[in-house]
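Coordinate inspection notes
Residue-level listing of the chains:
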Amino acid sequence: MSQRSDSAAPIRVRIAPSPTGDPHVGTAYIGLINYLYARQRNGQFVLRIEDTDRTRFVPTSEQMIFDSLRWLGLNWDEGPDVGGPYGPYRQSERTAIYQEHAGQLLASGHAYRCFCTAEKLEADRKQQIAAKLPPRYPGTCRSLSAEAIEAYLAAGLPFVIRMRVPQEGSTSFTDELRGGITFDHHNVDDQVLLKSDGYPTYHLANVVDDHLMRITDVIRAEEWISSTPKHVLLYQFFGWELPRFWHMPLLRNQDKSKISKRKNPVSLIYYREAGYLPQAVINFLGLMGGGMPADFNNGTEKFTLDEMIASFRHENIRTGGPVFDLTKLKWLNGEYIRALSPDAFYAALRSTLLSDAYLQPIAALIQTRVELLSQFGDLTGFLLNDNTHPPESVFLPKNRSREETLAFVAEQLAVLETADWQPASIESVLKQLSTDKQWSVKENFMLLRAILTGSTMSPPLVESMVIFGKARTLDRMRRFLETEKKRPPAKA
RNA sequence: GGCGCUAUCGUCUAGGGGUUAGGACGUGAGAUUCUCAAUCUUAAAACACGGGUUCGAUUCCCGUUAGCGCUACCA
């Protein structure tokens, strides 16, 4: 029950990203805050991979997370790739641990087996919503008789393990940034702890791992506040000491909603490929929510990771959600670029836009299309520019209205988001879209070509997209839509 | 709908019972420059609303409103 006071245990914090896609800017933000906390207190910064959702697992994701965090300079002391005394650091390799702990809860009566099918659960939920009741697990299996359980088990029915939240009372905890927070138990659901596939849910895994890994401070995003009472209850069920909780504000889109890929570039891969410098991204993230003294460097708001270690104050973090404003990030990035030595600036170009890895495939694409070497730039400008915006006369297909065209671009964006970034896969989702929406492949590809290259004439589209990269391609489409939506429906 | 969190310029933020409410980005104007950037100067721009408490509230308390989050065998 007692929340960790100033015990002598060494400070240990963690970030726990999920390998479900591109590494997220929110992960970098929470990572930075955790990193600073550990470095300021001679503590340990742990990276744990939360790969318990097999349906959303993306194999390439983990390595991208490693690369992106290292790119930003957020180095961890323990993790899947560097090891450490509390491993393994991949939750998929710890399933026996979770099953054992779920078993303990079963034995102590703090958890129970639930045999309800997904269909029944869904039906229950619909009924509750229709009756204007809060959707909650109705407790069907909460007090199954021993005989019934035996029978179900013998019949080989699949089951999950749910936590048994007390019917009465409430659970309170302290959020280090906001003070005391209390939830009545009748607002806390009997959460699934162990799924029928044997993998744990986040709730079980994070509590068990944080305890076993001796985590002293859980610094995570605000969206977890609502489920914290479940975690506190689990600590109590196990008889474990609570960590401190710090719930950070959520990064926001312009419209204040939680930052999302539909409205913002959120992939760290994008920021790297679009030519942001890691110092600028880290600096900008450090501005979100405050934490640095306002008069630092005469209030210019420019500081390095080391300066943040020296001066950042976690207790000064504001709890209002900051809008992630690219305009200011770009200004900061410009400041860092101008501060580079000419050699360092050139080196930065050589390692990104002018690297062999980027240029060589481009050369292969245009070799048959030039008569003079000097025509290289004529054909490839769109791969080297940040912006291309075709006029309506270029992108609008004949016999298609502006409205249906923009709607179609949104569809293209949606299917490309799901695509594996290989030529065959890009081509197949686009052709499928043509079939579904009755747009000819020619119209479809020509429109996309116009958006991405600014012209109706270009090197092969799909190959160009592969070279340009998924993150930048999707961003260019998003920006196109954004600009077109703002533009009054006028002339070409 | 239920529960929770949040509220200072357009945005990021400082401040705090009595202030000309400060800084940064962006925006406007001017200067400088062969152009464009950069740079310099300068201007406009905020305490959500209503009740308290108080000699005095932007600041403390309560409420309202608004925004956001959660409400999964996702994290």
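Residues numbered from 1 in each chain as written. Chains lettered and ligands numbered in written order. Predicted model: local features only at pLDDT ≥ 70, side-chain atom pairs only at ≥ 80, totals over all residues. Heavy atoms only, no water.

Time to look at the protein's contact with RNA strand B. Around RNA strand B, the surrounding shell holds 53 residues, and the nearest of these are Arg-178, Lys-195, Gly-289, Glu-301 and Arg-318. Taking the atoms of RNA strand B that fall within 4 Å of the protein, sugar and phosphate contribute 81% of them. In this structure, Pro-135 approaches RNA strand B through a main-chain N or O atom, which is 3.3 Å from a sugar or linking oxygen. The side chain of Ser-226 places a nitrogen or oxygen atom 3.4 Å from a base nitrogen of RNA strand B. (Near = heavy atom within 4 Å. Polar contact = N/O pair within 3.5 Å; in protein donor to acceptor, adjacent residues only side chain to side chain.)

Using the criterion set out here, one finds 18 aromatic pairs in the structure. Here Phe-173 and Phe-183 contribute two aromatic rings whose centre-to-centre distance is 6.4 Å and whose plane-to-plane angle is 5°, an arrangement assigned as stacked. Of the two residues, Phe-173 sits in strand S5 (residues 170-175) while Phe-183 sits in strand S6 (residues 179-184), which places them 10 residues apart along the sequence. For Phe-173, a relative accessible area of 3% translates into the label buried. Here the aromatic rings of Tyr-202 and Trp-224 are separated by 3.9 Å at their centres, their planes lie at 20°, and the arrangement is stacked. With Tyr-202 in helix H6 (residues 202-212) and Trp-224 in the loop between strand S8 (217-221) and helix H7 (228-238), this pair connects stretches of sequence that are 22 residues apart. The structure contains a cluster of three or more aromatic residues connected by ring pairs, namely Tyr-270, Tyr-271, Tyr-276, Phe-284 and Phe-324. (Phe/Tyr/Trp six-rings, centres within 6.5 Å; stacked < 30°, edge-to-face > 60°. Helix = DSSP H or I, 4+ residues; strand = E, 2+ residues; numbered from the N terminus. Buried < 20%, exposed > 50% of the residue type's maximum accessible area, 1.4 Å probe, protein only.)

In this section: empty space enclosed by the protein. Summed over the entire model, instances satisfying the criterion amount to one cavity of 30 Å³ or more. By volume, the largest cavity amounts to about 30 Å³. Together, Phe-382, Leu-452, Thr-453, Leu-461, Ser-464, Met-465, Phe-468 and Thr-473 line the largest cavity. Sort the elements by how many residues they give to the lining of the largest cavity and helix H19 (residues 461-468) lands first, with four residues. Classifying every residue of the lining of the largest cavity gives five nonpolar, three polar and no charged. (1 Å grid on protein atoms, 1.4 Å probe; cavity = no way out; pocket = protein on both sides within 12 Å on 5 of 7 lines; lining within 4 Å. Points joined across faces, edges and corners; volume = space filled by probe spheres on them. Nonpolar A, V, L, I, M, F, W, Y, C, P; charged D, E, K, R; others polar.)

The next point concerns the side chain of His-203. Assignment of secondary structure puts His-203 in helix H6. In this structure His-203 comes out as buried when scored by relative accessible area, which is 11%.

Glancing now at the layout of surface pockets. It is a probe the size of a water molecule, rolled over the atoms, that shows where empty space is left. The computed volume of the second largest pocket comes to approximately 980 Å³. Lining the second largest pocket are 44 residues, with Tyr-270, Tyr-276, Lys-330, Asp-386 and Arg-479 sitting closest to its centre. Elements supplying a minimum of two residues to the lining of the second largest pocket: helix H8 (268-273), helix H11 (326-339), helix H12 (342-350) and helix H20 (470-486). Examining the composition of the lining of the second largest pocket, we find that nine residues originate from one element, H20, more than from any other. Looking at the lining of the second largest pocket, its residues break down into 17 nonpolar, 13 polar and 14 charged.

Counting residues in hydrophobic clusters, the biggest one holds 58 residues, and the most contacted among them are Tyr-271, Met-308 and Phe-324. Once residues lying within four places of it in the same chain are set aside, the contact partners of Met-308 are Leu-32, Leu-36, Gln-40, Ile-282, Asn-283, Gly-286, Met-292 and Phe-303. In terms of nonpolar packing, the next biggest core, distinct from the first, is built from 32 residues, Tyr-89, Leu-204, Val-208 and Val-218 among them. (Core = buried A, V, L, I, M, F, W, Y, C linked by side-chain atoms within 4.5 Å. Contact = heavy atoms within 4.5 Å.)

This part is about the pairing of S5. Here S5 shows one buried face, formed by Thr-171, Phe-173 and Asp-175, and one open face, formed by Ser-170, Ser-172 and Thr-174. Sheet analysis places S5 next to S6, joined by six bridges and oriented antiparallel. If you follow Ser-172 over to S6, its bridge partner there is Thr-182. If you look at the hairpin formed by S5 and S6, you'll find three residues sitting between the two strands. (Pairing = 2+ DSSP bridges.)

In this section: the state of the cysteines. Summed over all chains, the structure comprises zero disulfides. With no disulfide of its own, Cys-114 lies 3.7 Å from the sulfur of Cys-116, the closest cysteine sulfur. Judged by relative accessible area, which is 1%, Cys-114 ranks as buried. Free of any disulfide, Cys-116 has its nearest cysteine sulfur in Cys-141, 3.6 Å distant. (Disulfide = S-S within 2.5 Å.)

What follows concerns unusual backbone geometry. Trans is the common state for peptide bonds, and a negative phi is the common state for residues other than glycine. Looking along the chain, the bond that leaves Gly-87 and enters Pro-88 is cis, with omega of -5°. Inspection of the secondary structure assignment puts Pro-88 in the loop between helix H2 (61-71) and helix H3 (95-108). Here the phi dihedral of Gln-438 falls at roughly 60°; this positive angle occurs in a residue that is not glycine. Summarising the element assignment, Gln-438 is placed in the loop between helix H17 (423-437) and helix H18 (441-453). You can call Gln-438 exposed: its relative accessible area is 66%.

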